[in-house]
Amino acid sequence: MTRHFLRDDDVTPAEQAQILDLAEQLKKDRFQARPLEGPQTVAVIFDKSSTRTRVSFAVGIADLGGIPLIISTASSQLGGKETASDTARVLERQVAAIVWRTYAQSGLEEMAAGTRVPVVNALSDDFHPCQLLADFLTIREHRGELKGLTVSFLGDGASNMAQSYLLAGATAGMHVRVASPVEYAPSATVVADAKKRAEETGGSVTVLTDPDAAAHGADVIVTDTWVSMGKEAEKAARVETFGGFQVDAELMAKAKPDALFLHCLPADRGYEVAADVIDGPQSVIWDEAENRLHAQKALLVWLFQQNAEGATA
């Protein structure tokens, strides 16, 4: 069976650690792994605009010896005349993997069900698993082992980042707190899945509405934009609702003195995060942005290895 990476709990705790270990190795020696030499092509599909995802996948695929084929759905048949599963069946005969930045998680699931090559979720409305690999690589670099650390996400609990933190953090054995207004709480199904995974790893999952309580004693503070792509018309209402969840110096002071600050970017300075925090000494956002490259390369190498082993088993 082909292995895909559509959500953070598609990998076991041991597999997540393997990918992060490999990412550390590839960061030290960028060109040690060349599974795409030939060169082979990876399709990288964008329904949404992108900077970090586009650059990190394009550079990473080239580092691995391959060619990134950047496809905009606006100039393709995907989502118009052709279904995701039909597109997948066309692509699998010509590419080594499919990476898709899209809206509905169901589209990724349909794509993966219709192909024999690995499909990677480069962002959906529900999850952002590649970003979490980069975030965890960053935290490991600065704090060592992930297990037992407390990470607090503040803001839109129903966002893809918050929900990925729940699943990925529980997989890593972390204590994950998500603080949001009650009407922006994470999916009950995602919370249940995260709690089930936390039972296996010794981690925990807590959903709150008080940002101060979430920040108290935390090892890592995370936030993201209050206005995700497609929600621009809601900006005024969201700013009013999320006003008390801004990560500023006062809130950071409630975390541990050496707490890290992470943000997947782009940041709306003065809204979800104060400038003195994102530019301050606890911020590791530039390491985090670079680590998209190394984490995604490791993920692709790992998927190719898993699927090669499965084909010969």
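A. Examining the state of the cysteines more closely. The final tally for this structure, using the stated rule, is zero disulfides. The thiol of cysteine 264 is not disulfide-bonded; the next cysteine sulfur, from cysteine 130, is found 12 Å away. Note on cysteine 264: relative accessible area 10%, which makes it buried.

B. Spotlight on the environment of alanine 158. Within the element layout of this structure, alanine 158 appears in the loop between strand E5 (150-154) and helix H6 (160-171). When the C-alpha atoms of alanine 158 and proline 181 are compared, they prove to be 9.9 Å apart, with 23 residues separating the residues in sequence. Apart from the residues lying within four places of it in its own chain, the contact partners of alanine 158 are Gln163, Tyr184, Ala185 and Pro186.

C. The arrangement of unusual backbone geometry in detail. In this structure, proline 39 follows glycine 38 across a cis peptide bond, with omega equal to -5°. Residue proline 266 is reached from leucine 265 by a cis peptide bond, and omega for that bond is 0°. With respect to the element layout, proline 266 can be found in the loop between strand E9 (260-263) and helix H11 (275-278). Backbone geometry places leucine 123, a non-glycine residue, at a positive phi of 150°. Relative to the helices and strands, leucine 123 resides in strand E4 (residues 119-123). With respect to the secondary-structure elements, leucine 265 resides in the loop between E9 and H11.

D. Quick peek at the pattern of salt bridges. One pass over the structure, following the stated rule, counts 18 salt bridges. A salt bridge links lysine 27 to glutamate 141; the shortest N-O distance between them is 2.8 Å. Within this pair, whereas lysine 27 is found in helix H1 (residues 13-28), its partner glutamate 141 is found in helix H5 (residues 129-143), the two being separated by 114 residues in sequence. Under the relative-accessibility criterion, glutamate 141 is labelled partly exposed at 36%. One salt-bridge network, in which partners are shared between bridges, spans Arg7, Asp9 and Asp193.

About the cut-offs
- Residues numbered from 1 in each chain as written.
- Predicted model: local features only at pLDDT ≥ 70, side-chain atom pairs only at ≥ 80, totals over all residues.
- Heavy atoms only, no water.
- Disulfide = S-S within 2.5 Å.
- Buried < 20%, exposed > 50% of the residue type's maximum accessible area, 1.4 Å probe, protein only.
- Helix = DSSP H or I, 4+ residues; strand = E, 2+ residues; numbered from the N terminus.
- Contact = heavy atoms within 4.5 Å.
- Salt bridge = Lys/Arg side-chain N within 4 Å of Asp/Glu carboxyl O.

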